[in-house]
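This is what each chain is made of:
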2 protein chains.
Amino acid sequence: MSTISDVAARAGVSTATVSRALNGKSTVDPQLAARVRAAAAELGYRPNGPARNLRRQETVVLTLIISDVANPFFTAMARGVEDVAHAAGYSVVLCNSDDDPAKERAYVDIAVQERMAGILVSPTGRGDSAGVLAAQGAPVVAVDRPLPGTPGDTVLVDGALAARQAAEHLVQQGYSRIGCITGPSGVPTADERLAGYRAGLRAARLPAAADLVRRCEFRAQGAYRAALDLVNRDDPPDALLIGNNAMAIGVLEALAELGIRPGREIGLIAFDDAPWAALLDPPLSVVSQPAYDMGTAAAQLLLERIGGASTAARTVTLSAHLIPRASSDPHA
Amino acid sequence: MSTISDVAARAGVSTATVSRALNGKSTVDPQLAARVRAAAAELGYRPNGPARNLRRQETVVLTLIISDVANPFFTAMARGVEDVAHAAGYSVVLCNSDDDPAKERAYVDIAVQERMAGILVSPTGRGDSAGVLAAQGAPVVAVDRPLPGTPGDTVLVDGALAARQAAEHLVQQGYSRIGCITGPSGVPTADERLAGYRAGLRAARLPAAADLVRRCEFRAQGAYRAALDLVNRDDPPDALLIGNNAMAIGVLEALAELGIRPGREIGLIAFDDAPWAALLDPPLSVVSQPAYDMGTAAAQLLLERIGGASTAARTVTLSAHLIPRASSDPHA
DNA sequence: TTGTACGCGTTATCAT
DNA sequence: ATGATAACGCGTACAA
């Protein structure tokens with residue numbers, strides 16, 4: 001692969017002139033510049049990124065670490081990040097932590113080592129990534145979940161409020177034995193949804209039914225088992241608040257197997273809207289989170305932080321809203 | 001951010017010893033090594049990636065460029081790539097080209113400039129990324145779609161065969177006016193699915209109905225309009241072969257709006273299985289592509305190519321298989 | 001306007 | 001076993 005000196009030799013100029021001509025920085029004789037560009041094109045010259053980054057001490061690529069690429073919520077967020085980043089001349093690379101603290105940590109290490117311009121991370125909540133980040137003082141913003149320990153820029157949604165509203169909606173619809181399937185203990189989004197659910201029951205003067213709560217990973221499989229488990233009880237729930245998109249699929253599979261129809265036989269509300277949610281029969285009620293906007297907000301925060309503008313940590317909290325559909329209507 | 005010389009100073013040794021101790025390469029006095037590690041830890045030292053890559057002339061990160069992060073097909077593929085890559089000590093970063101040749105090109109440029117160890121790309125089919133890649137001689141493998149022009153390593157699925165089988169299945173089920181909504185002309189996967197569809201009709205001695213074919217981007221919106229357009233004809237199709245996952249959503253939305261029930265009123269088969277396809281009412285018949293396996297195969301090819309093993313370009317072709325469900329059953 | 005020369009942080013070679 | 005030093009490819013201050 002040809003270097004800047006190859007180009008210089010071919011164009012009969014110094015490497016400094018090549019650099020200037022190609023970066024359009026200082027003023028260069030138009031004719032020389034043309035010769036340089038021609039030489040570069042003929043050689044298929046591409047500047048060596050590592051060398052350039054080393055010299056410039058900066059990059060124009062952002063790292064976005066998410067916990068599940070297959071989750072539409074995170075991909076929508078990624079779109080938001082990308083749109084803002086691209087407009088500002090940055091590129092974005094995605095890393096998939098798989099909700100595994102070790103993988104998250106590995107990607108954080110890479111981002112730090114490669115001296116990425118900035119890092120957006122939707123933390124698993126466990127693990128020590130936060131420490132690494134804090135120690136390096138790299139520009140970071142946490143999305144969806146706060147970074148434990150360090151008070152950095154953060155973009156959240158008020159999941160507790162949304163969960164509470166969802167629970168109250170189920171009560172209003174006439175359900176009275178409301179269960180909840182949410183993520184692992186310690187994961188902030190999982191915890192806050194559970195708290196909101198409980199607050200909703202309390203507000204409706206319904207007894208807190210600890211035995212109607214199940215916790216598992218934010219995946220279909222665990223939710224599938226949890227749903228079977230709950231529904232096969234002697235006193236099964238008559239409604240379910242579901243922690244996310246992927247879990248909803250597991251629950252729906254379980255109910256389909258048992259021939260239980262959502263809405264009439266069991267009320268259902270799941271976190272995260274998805275393109276297919278409205279296509280189900282009955283359509284699935286959801287708590288829609290502003291994923292795209294979370295992405296744009298996070299990217300903006302990060303860009304400002306990179307710019308070195310403010311120094312105080314900021315937290316942006318967006319709100320989710322309930323989209324009631326027939327799966328939470330007992331008369332549907 | 002501290003450098004290797006900071007660590008060296010703190011440990012009272014030379015930078016060379018620090019490098020050796022931290023990389024465990026050459027043999028170092030255990031006591032000294034411990035002192036070095038301690039110093040590094042205290043300083044929160046992280047090796048400078050660009051400097052290291054510059055010196056080593058190599059990276060351990062792979063770039064995977066896909067056209068749609070929100071498409072489960074591509075994310076499943078990404079999982080396959082990641083699993084194989086991680087096992088071999090490589091990391092993977094995802095880039096979202098959005099099916100936009102310019103974005104694809106931009107990410108290819110980045111990957112090449114950053115001297116990524118290897119590149120996996122699912123090309124838009126348009127644009128000149130292939131030329132750049134070929135010129136640089138970077139390790140590349142194309143997934144899902146071939147890289148136009150250059151005969152490099154490629155992982156494909158036999159979409160023509162699968163489309164033909166799908167069309168024939170629809171015929172067997174009793175449908176006779178079968179339409180097709182597929183991707184843009186020039187996109188290989190779109191073209192081959194159309195070709196297979198036509199072959200299926202021919203094999204069944206059904207007239208090729210050019211006016212029942214619609215082409216648009218591989219997205220929901222275009223497919224939504226195409227479906228409305230087709231169904232509102234005087235002589236509408238009685239079945240539809242749909243180009244992919246996202247398009248299926250658009251078609252289903254259109255049909256739901258018009259109150260047309262899949263299966264009984266219009267046969268439906270879509271490319272790409274998705275977790276929600278079986279949950280629909282009626283469940284959606286799909287052509288399931290081995291996305292995960294495509295990812296692992298591609299990653300293996302790439303790793304071998306990076307290793308410098310073979311020199312001849314290889315093409316791996318996997319096969320898709322039809323999963324008939326009720327949406328292609330007129331009696332359901 | 002153009003060229004010379006140094007340094008970015010690391011690893012590898014060569015002495016010691 | 002350890003240290004001094006060159007080199008990776010680039011951008012830029014300084015000199016011409």
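Given the structure is predicted, the values throughout are model-derived calculations rather than measurements.

Engineer: Break down the packing of aromatic side chains for me, with residues and values.
Structural biologist: The way to describe two aromatic rings as a pair is by their centre distance and the angle between their planes. Residues and elements named next belong to chain A. Counted according to the given criterion, the structure contains 2 aromatic pairs over all chains. A centroid spacing of 5.1 Å and a plane angle of 65° characterise the contact between Phe 73 and Phe 74, whose relative ring orientation is edge-to-face. Summarising the burial analysis for this pair, Phe 73 and Phe 74 share the class buried.

Engineer: Describe the interface of chain B and chain A, naming the residues involved and giving the relevant values.
Structural biologist: Interface size is often expressed as the accessible area that is lost when the parts come together. If you look at the interface, chain B gives 45 residues, while chain A gives 45 residues. Three residues, B:Arg46, B:Arg115 and B:Leu279, lead the burial of chain B against chain A; their summed loss comes to 16% of the area buried on that side. The interface formed by chain B and chain A contains 4 salt bridges. Close ionic contact of A:Asp98 with B:Arg79 constitutes a salt bridge, the shortest N to O distance being 3.2 Å. Counting across the chain B and chain A interface gives 21 residue pairs in polar contact (both at pLDDT 80 or more). Taken together, the elements giving at least two residues each to the side of chain B that touches chain A come down to helix H4 (49–56), helix H5 (72–87), strand E2 (91–96), helix H6 (101–113), helix H7 (129–136) and helix H11 (245–258) of chain B. A total of 7 residues in the side of chain B that touches chain A trace back to one element, the largest contributor, which is H6(B).

Engineer: Give me the lowdown on the relation of the copies chain B and chain A, citing residues and values where you can.
Structural biologist: Screw-axis analysis of chain B against chain A gives a translation of 0.0 Å along the axis, an RMSD of 0.0 Å, and a rotation angle of 180°. When the rotation and shift are considered jointly, the pair of chain copies conforms to a two-fold rotation axis. Both copies contact each other with a shared surface, as 100% of the interface residues of chain B are interface residues in chain A too.

Engineer: Explain empty space enclosed by the protein to me, and be specific about the residues and the numbers.
Structural biologist: In this approach a probe as big as a water molecule rolls over the atoms, and the regions it shows empty are the leftover space. In the structure shown here, the tally under the stated rule is 1 cavity of 30 Å³ or more. Taken as a whole, the largest cavity encloses approximately 260 Å³ of empty space. Around the largest cavity, the lining comprises 24 residues; the ones closest to its centre are A:Val61, A:Glu114, A:Met116, B:Glu114 and B:Met116. Listed by contribution, the elements that provide at least two residues to the lining of the largest cavity are helix H4 (49–56), strand E1 (61–66), strand E2 (91–96) and helix H6 (101–113) of chain A together with H4, strand E1 (61–66), E2 and H6 of chain B. Partitioned by chemical class, the residues of the lining of the largest cavity number 16 nonpolar, 6 polar and 2 charged.

Engineer: So, the nonpolar core: which residues are in play, and what are the values?
Structural biologist: Counting residues in each nonpolar core, the largest one holds 192 residues, and the members touching the most others are A:Ile181, A:Leu284, B:Ile181 and B:Leu284. Ignoring any residue separated from it by four or fewer positions in sequence, one finds A:Leu284 in contact with A:Ala248, A:Leu252, A:Leu268, A:Ala270, A:Trp276, A:Ala277, A:Arg325 and A:Ser327. Grouped together as the second largest cluster of nonpolar side chains are 12 residues, A:Val13, A:Val18, A:Ala21 and A:Tyr45 included.

Engineer: Outline the sheet that holds strand E10 (residues 285–288) of chain B, listing residues and values.
Structural biologist: Residues and elements named next belong to chain B. Read from one edge to the other, the open sheet built from 6 strands follows the order E7-E6-E8-E9-E10-E12, with strand pairing classed as mixed. Each having just a single partner strand, strand E7 (213–215) and strand E12 (321–323) make up the two edges of the open sheet. If you compare each strand with its neighbour and ignore which way they point, the axes differ by 15° on average. Where strand E6 (residues 178–182) and strand E8 (residues 239–242) come together, 4 bridges link them in parallel fashion.

Engineer: So what about the UniProt feature "domain: HTH lacI-type" (unreviewed entry) in chain A? Which residues, and what values?
Structural biologist: Taking the UniProt record as the reference, the feature "domain: HTH lacI-type" (unreviewed entry) is found at residues 2–56 of chain A. Structurally, residues 2–56 of chain A comprises 71% helix and 0% strand, and the distance from its first C-alpha atom to its last is 20 Å.

Engineer: Give a description of the pairing of strand E4 (residues 140–143) of chain A that names residues and reports values.
Structural biologist: All names here are of chain A. Taking every second residue as pointing to the same face, both faces of E4 are buried, with Val 140 and Ala 142 on one and Val 141 and Val 143 on the other. By the bridge criterion, 3 bridges tie strand E3 (residues 118–121) to E4 in an arrangement that is parallel. The residue of E4 that forms the bridge with Leu 120 is Val 141. Viewed along the sheet, the connection from E3 through helix H7 (residues 129–136) into E4 turns out right-handed. With 3 bridges joining them, E4 and strand E5 (residues 153–157) adopt parallel strand pairing. Across the sheet, the residue bridging to Ala 142 is Thr 154, located in E5.

Engineer: An account of the protein's contact with DNA strand D is needed here, citing residue identities and associated values.
Structural biologist: Near DNA strand D lie 25 residues; those nearest to it are A:Ile4, A:Tyr45, A:Arg55, B:Thr17 and B:Asp29. The sugar-phosphate backbone supplies 66% of the atoms of DNA strand D found within 4 Å of the protein. The side chain of A:Ser19 places a nitrogen or oxygen atom 3.1 Å from a phosphate oxygen of DNA strand D. Taking B:Gln57, its side chain carries an N or O atom lying 3.1 Å from a sugar or linking oxygen of DNA strand D.

Engineer: Lay out helix H8 (residues 159–172) of chain B in plain terms, naming residues and giving numbers.
Structural biologist: Residues and elements named next belong to chain B. Between its terminal C-alpha atoms H8 stretches 20 Å, which fits the 20 Å expected from 14 residues at 1.5 Å a residue. Taken together, the buried positions of H8 are occupied by Gly 159, Ala 162, Ala 163, Ala 166, Ala 167, His 169 and Leu 170. Viewed along the axis of H8, the buried residues span an arc of 155°, placing them on a single side of the element. Just beyond H8, the residue with positive phi is Gly 174, at close to 105°.

Conventions we followed
Residues numbered from 1 in each chain as written. Chains lettered and ligands numbered in written order. Predicted model: local features only at pLDDT ≥ 70, side-chain atom pairs only at ≥ 80, totals over all residues. Heavy atoms only, no water. Phe/Tyr/Trp six-rings, centres within 6.5 Å; stacked < 30°, edge-to-face > 60°. Buried < 20%, exposed > 50% of the residue type's maximum accessible area, 1.4 Å probe, protein only. Contact = heavy atoms within 4.5 Å. Buried area = accessible area lost by both parts, 1.4 Å probe. Salt bridge = Lys/Arg side-chain N within 4 Å of Asp/Glu carboxyl O. Polar contact = N/O pair within 3.5 Å; in protein donor to acceptor, adjacent residues only side chain to side chain. Helix = DSSP H or I, 4+ residues; strand = E, 2+ residues; numbered from the N terminus. Least-squares fit on C-alpha atoms with pLDDT ≥ 70 in both. 1 Å grid on protein atoms, 1.4 Å probe; cavity = no way out; pocket = protein on both sides within 12 Å on 5 of 7 lines; lining within 4 Å. Points joined across faces, edges and corners; volume = space filled by probe spheres on them. Nonpolar A, V, L, I, M, F, W, Y, C, P; charged D, E, K, R; others polar. Core = buried A, V, L, I, M, F, W, Y, C linked by side-chain atoms within 4.5 Å. Pairing = 2+ DSSP bridges. Axes fitted to C-alpha atoms, helices over the stretch in contact; angles between N-to-C directions. UniProt positions renumbered as here; feature names shortened; annotations may be inferred. Right-handed = clockwise from strand over helix to strand, strands pointing away. Near = heavy atom within 4 Å. Expected span 1.5 Å × (residues − 1). Arc of directions from axis to C-beta.

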